[in-house]
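The residues making up each chain are set out below.
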Amino acid sequence: QVQLVESGGGLVQPGGSLRLSCAASGSIFGIYAMGWYRQVPGEQRELVATITSSGGSTQYADSVKGRFTISRDNANNTMYLQMNSLKPEDTDVYFCNADIRTAWNRRTYWGQGTQVTVSS
């Protein structure tokens, strides 16, 4: 069984920084593209950033370009989101997502989410 576990969320003042982590565990044969999404309850989940399997290519939502950086450590099956210059509108639940191959199949997995609150 595969699990994705996010951590690193919390309360931060505007202009501050947070670093989110997403750790994958279980019977994993390979992890392909990974990404971060965010969602306000009752609204549609929004793509924040994605990263390819090698980490060589990344994409960002316009709203976070220049402020957020996505990265991954393939040796430890972990992905990160460095968030700088945080704004109140970045307040959301952040979810990680990964395309994972196991012995039985290949599909997309989601973490449980971590709350990020930007407020003074």
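Throughout this document, residue positions are counted from 1 along each chain, in the order its sequence is written. Totals for whole chains, interfaces and linings use every residue, but because this is a predicted model, local features are given only for residues with pLDDT of at least 70 and side-chain atom pairs only at 80 or more, for both listing and counting. Excluding hydrogens and water, the side-chain values take into account all heavy atoms of the structure.

## A few points about unusual backbone geometry
Okay, step 1: For Asn77, which is not glycine, the phi dihedral falls at a positive 50°.
Okay, step 2: Tracing the chain through its elements places Asn77 in the loop between β7 (68-73) and β8 (78-83).
Okay, step 3: We note that Ser85 has phi near 50°; this positive angle belongs to a residue other than glycine.
Okay, step 4: Secondary structure follows DSSP: runs of H or I at least 4 residues long count as helices, runs of E at least 2 residues long count as strands, and numbering of each begins at the N terminus. One can find Ser85 in the loop between β8 and β9 (92-101).

## A word on the environment of Ser85
Okay, step 1: Classification of residues uses two cut-offs on accessible area relative to the type maximum, computed with a 1.4 Å probe and protein chains only: under 20% is buried, over 50% is exposed, and between them is partly exposed. Given a relative accessible area of 41%, Ser85 falls into the partly exposed group.
Okay, step 2: Taking C-alpha positions, Ser85 is 29 Å from Ala75, a pair spaced ten residues apart along the chain.
Okay, step 3: Ignoring any residue separated from it by four or fewer positions in sequence, one finds Ser85 in contact with Gly15, Gly16, Ser17, Arg67 and Asp90. It only takes one pair of heavy atoms within 4.5 Å for two residues to be counted as in contact.

## A look at the pattern of salt bridges
Once the charged atoms of two side chains with opposite charge are near each other, the side chains can pair.
Okay, step 1: By salt bridge we mean one thing: a side-chain nitrogen of Lys or Arg within 4 Å of a carboxyl oxygen of Asp or Glu. Applying the stated criterion to the full structure yields six salt bridges.
Okay, step 2: Between Asp90 and Arg38 there is a salt bridge, with the nearest N and O atoms lying 3.0 Å from each other. With a gap of 52 residues between them, Asp90 in the loop between β8 and β9 and Arg38 in strand β4 (residues 30-39) connect regions that are remote in the sequence.
Okay, step 3: A salt bridge links Asp99 to Arg106; its shortest N-O distance comes to 2.8 Å.
Okay, step 4: Among the charged side chains, a network of salt bridges with common partners joins Arg38, Glu46, Arg67, Asp90 and Asp92.

Bear in mind that shape data such as this cannot, by itself, settle questions of function.
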